[in-house]
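Tertiary structure, described
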Amino acid sequence: TVDGRCKVREAVVSTQSTGYSINALIFSWRLGVVVQGQITREEFTNGLMALGCDSVDKLKSRVSQLDNDIRHPTKFKDFYQYTFTFAKDTGAKNLGIEDALRTWKIVLAGRFSHLEDWCTFIAQHDRRSITRDTWNLLLDFASTINSDLSNYDEEGAWPILIDEFVGWLRPRINTSTS
Amino acid sequence: MVSTQSTGPPVVTGDQLEELWTRLQLGLSDILSTGDTRNKSSLLEDADNLCIHGDKQDLYKKISREIEDHMRGCSASFCKLDFPDQTAFLRELADVWLKHSKQTYLIRNIFNYLERRYVISQHHQLLPLWELGAQTFRTEMMCVQNVSGRCIDSVLALIEQERCGDVIDGSLIGTITLMLRKLDMYRSDFEEAFLQQTNEYYRRQAVAQLHSTAVPEYLGYVTRSLEEEERRLRLYLGSSSRDQVIKTVETNLIGNHIEGLLEKGFDAMMDGSRFMELQTLSTLLSRVPEGVYHMCLYLYDYIKKRGLEIVMNPEKDKTMVHDLLEFKCTIDSIIEESFPNEDCVDVKKKAFEEFINKRPNKPAELIAKFIDGKLRSGNKEQNEEELEDMLDRVMVLFRFIQGKDIFEAFYKKDLAKRLLMGKSASIDFEKSMLAKLKRECGSQFTFKLEGMFKDIDVSKDLMSGYKEKDGSTVDLGVTVLTTGYWPGYTPDTAVVIPSQIAKTLERYKVYYLAKHSGRKLSWQHSLSFCTIRASFNTTSEKKVDQRKELSVSAYQGVVLFLFNSATKLSYPQIIEATGIEEEQLQRTLQSLACGKVRVLRKTPQGKDIDTGDSFEVNTDFKHKLFKIKINQVQTKETTEENTNTTEKVFQDRQYQIDAAIVRVMKARKTMTHPVLVSELYNQLKFPVKPTDLKKRIESLIERDYMERLKDDINTYHYVA
């Protein structure tokens, strides 16, 4: 119902200040939302059922626990990869830089030691969009590579954009430690 | 001989023995003091007798004592002597020794019987007489009052003097060292000190010489030193120490200073093509361990360094190929003359391959251009033999290049121009060059090029057939190009050809298609040329019409024809009337109105073509020749053409990489990144960087040809 939908939105909004936040994303993910900003009746009903919410109160409490849903690394990976699809324009293959940066800042906060550097790097790079492959691999980069980049292998299968990032970042790290 | 007595067995009394000994003692005394004795034969007899009848052991002892006593006496008087210098000391010592030797020898002869019958059987306890003499000399002469020490010091001092350039008594040294050997003192007392002195001497010399002389002179010094040591050893020191001495010299003069020598002098000698000096260097270095190895390193670095100077400087591009050929020639001669060594030939090849490929693409392009220059008509620089030789040498350079597809693209383009414009100096040269390429790169490389030649031949036949059939008098020549053999040309069907010509072309087309019905022909006017008869009606008083025959490109002809029906035309009008692509048209107009031969007049004047320009026939046109060529435009290359050719090759490479990746992935289905990369390096014939491969892999992932495995980002999977 329309009423119910408003309540949902209310519940989600009430747990954070802005409309675009990690909780909103997690929520959308759990609901299986395909198109950003829109939610179909089916997504809505099925999603709420999957979350075990048949009342607004239950919904409110569930929303506050959304963090749990992404606690496990496998679940987080799934979620992270979903946000690419969610953030991009439905017809497009790749994700525009602006949207990419915005989304990264939310989902990778606290999970990627070089997040700020990465965003600076991307902002000044001449690439205008991010491929799904690069998006996905950034998570692998964030979770497996040491913050001093000591275990990064340029000859490995990393996407070129990440190779370039490492090349850009290395001298910066060295000057700050020397 | 035993004196027989008339009665019974011989009996020799003690007195008689005494007598024998007395006589012998006298004889010995003679020998020992004067070196000889009279009555040798009776002494011999006496010796034999005493030996047979007397106590042999006792006799031996007596002889021994005599020698010993004498020696002591000699030694005492010797040590009292004063010697002005070391040579004198040695001379006296040698003298004493020689005398002693002779005496001992004589004594041994006299007591030969004793030696044979007694001494030898007692060989565990008793020395043979000669050795007895020697030992006595040693103990009573040499080991007394440091005579041996002094002796050795003197010898060493003299050798040092000789090394420093003085003249010494070599035979004296020879005698002394022989004495030492015979006294069994050479090894123990002399050799080590000698070697040590040699070592010290050359160690110091090396430093001093290297410091003060240039490398070539130093090498001369080393050679001379080695020769001198050999001579000394051969003439007076004996060869037992030879190997060690020579090794010491080599180590000190060469072995310890390999880097220093090479660092200081190698490059200069190479630059100056100093064959002899380099040969000396090579010979000397080969005498020490790792000498040749280090030399090869320097050779490699040198070739690379000079090679990069030739190849990396864009300002020297014009002469690059020529410089490279010269450089290769020089290096070849140097190596042949001075480093006749397999390793050096290898090093040369590796170095050339290394530096030529440091500048990607340009050398390949320039070599293609160079060959073009040589194969064109008008090249009168070389006769046939020289040209063949030069092309062979160019092929050697070509062999080193890794991106041969760049060469192919340029060669093809230039060959097309030569064939179509009739610019080849000789078909034989062309075929010869083609054969060289085929030998070098295989028939696949030259397949298309051969196709081009075939087209030319076939077109000639077709043309004569057409002329017979058609019977027209129009002087027409048509070359039919098989697409794929020739470089790609942009079709220019929009160009408006004057109608008479168009009709003729159409007639040929009909003729051709009748023979080959399934095919499609499209005219390539940008490659065509023509001869136009022009008459310039001068507006001056002199009513002489200038008639000329102009050799022009088709485009130029099309533009000129317009002025048959119009006096003045604006640039936009010409664009519309001709249908020629703008950039080409501008170049065409420039060649007609702004160059050396101005058959058209442009208003306003100036080099560039602007929309506001207008053109008319240059009625004042004058030229000393009747037949004038203005079609240089087609034969010259523009920088855009160049970049285009290179770009096409790069594009093509991308396709090849993609195709290789797909092919490999399709076959193996799943591959890790490093395995895929190494397989690609095997398959691709041109140089690629790992980033290039990664770019294509990412592109293929994006286009869903392949994907990464979920749990292993390093492994790819083919998407069917």
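Higher on the page you've got the structure.
Residues numbered from 1 in each chain as written. Chains lettered and ligands numbered in written order. Predicted model: local features only at pLDDT ≥ 70, side-chain atom pairs only at ≥ 80, totals over all residues. Heavy atoms only, no water.

**Some points on the pattern of salt bridges**
Residues and elements named next belong to chain B. Taken as a whole, this structure holds 53 salt bridges over all chains when the rule is applied. The partner of aspartate 332 in a salt bridge is lysine 348, with the nearest N and O atoms 2.7 Å apart. Taken together, the residues span a long stretch of sequence, with aspartate 332 in helix α15 (residues 320–338) and lysine 348 in helix α16 (residues 342–356) at a distance of 16 residues. On the accessibility criterion, aspartate 332 (27% relative accessible area) is partly exposed. (Salt bridge = Lys/Arg side-chain N within 4 Å of Asp/Glu carboxyl O. Helix = DSSP H or I, 4+ residues; strand = E, 2+ residues; numbered from the N terminus. Buried < 20%, exposed > 50% of the residue type's maximum accessible area, 1.4 Å probe, protein only.)

**Quick look at helix α8 (residues 170–182) of chain B**
Residues and elements named next belong to chain B. Spanning 13 residues, α8 covers 18 Å between terminal C-alpha atoms, matching the ideal 18 Å at 1.5 Å per step. Among the residues of α8, those classed as buried are Gly170, Leu172, Ile173, Gly174, Ile176, Thr177, Met179 and Leu180. Along its buried surface, α8 packs onto α4 (86–110), α6 (129–142), α7 (147–163), α9 (186–212) and α10 (215–237). Trailing α8 by a residue or two, aspartate 184 shows a phi angle of about 60°, which is positive. (Expected span 1.5 Å × (residues − 1). Contact = heavy atoms within 4.5 Å.)

**What to know about the sheet that holds strand β3 (residues 568–570) of chain B**
Residues and elements named next belong to chain B. One open sheet holds the 3 strands; their spatial order is β3-β5-β4, and the pairing between them is antiparallel. Two strands lie at the open edges of the sheet, namely β3 and β4 (600–603), each paired on one side alone. In this sheet, adjacent strand axes meet at a mean angle of 25° when their direction is disregarded. For β4 and strand β5 (residues 614–617), the ladder comprises 4 bridges, and the chain directions are antiparallel. By the bridge assignment, lysine 602 is partnered in β5 with phenylalanine 615. The strands touched by helix α25 (residues 582–593) are β4 and β5; relative to β4, the strand with the most contacts, the crossing angle is about 110°. (Pairing = 2+ DSSP bridges. Axes fitted to C-alpha atoms, helices over the stretch in contact; angles between N-to-C directions.)

**Here's the deal with a negative patch on the surface**
Residues and elements named next belong to chain B. Side chains of Glu384, Glu385, Glu386 and Asp428 sit close together on the surface and give a patch of like negative charge. Ranked by residues supplied to the negative patch, first place goes to helix α18 (residues 384–400) with 3 residues. Position of glutamate 385 relative to the elements: it lies in helix α18. (Patch = residues over 30% accessible without salt bridge, like charges linked within 9 Å, V, L, I, M, F, W, Y side chains within 5 Å. Areas by Shrake-Rupley, 256 points an atom, 1.4 Å probe, with all protein chains shown as cover. Lys, Arg positive; Asp, Glu negative; His and termini not counted. Charge placed at Lys NZ, Arg CZ, Asp CG, Glu CD.)

**Considerations on the packing of aromatic side chains**
Scanning the entire structure with this criterion turns up 42 aromatic pairs over all chains. Between Phe112(A) and Phe141(A), the aromatic rings sit 6.0 Å apart at their centres with planes inclined by 90°, giving edge-to-face as the arrangement. In this pair, Phe112(A) sits in the loop between α7 (97–107) and α8 (115–124) while Phe141(A) sits in helix α9 (residues 132–144), placing the two residues 29 residues apart along the sequence. Note on accessibility: Phe112(A) and Phe141(A) belong to one class, buried. Here the aromatic rings of Phe266(B) and Tyr298(B) are separated by 6.2 Å at their centres, their planes lie at 70°, and the arrangement is edge-to-face. Linking Phe266(B) in helix α12 (residues 258–271) with Tyr298(B) in helix α14 (residues 291–312), this pair joins segments that are 32 residues apart in sequence. Taking the relative accessible area as the measure of exposure, Phe266(B) reaches 0% and is therefore buried. Overall, Tyr298(B) belongs to the buried group, its relative accessible area being 14%. One residue, Arg111(A), lies across the ring of Phe76(A), its end atom 3.6 Å from the ring centre. (Phe/Tyr/Trp six-rings, centres within 6.5 Å; stacked < 30°, edge-to-face > 60°. Lys NZ or Arg CZ within 6 Å of the ring centre and 35° of its normal.)

Note that every value here comes from positions in space, so none of it alone points to a role or purpose.
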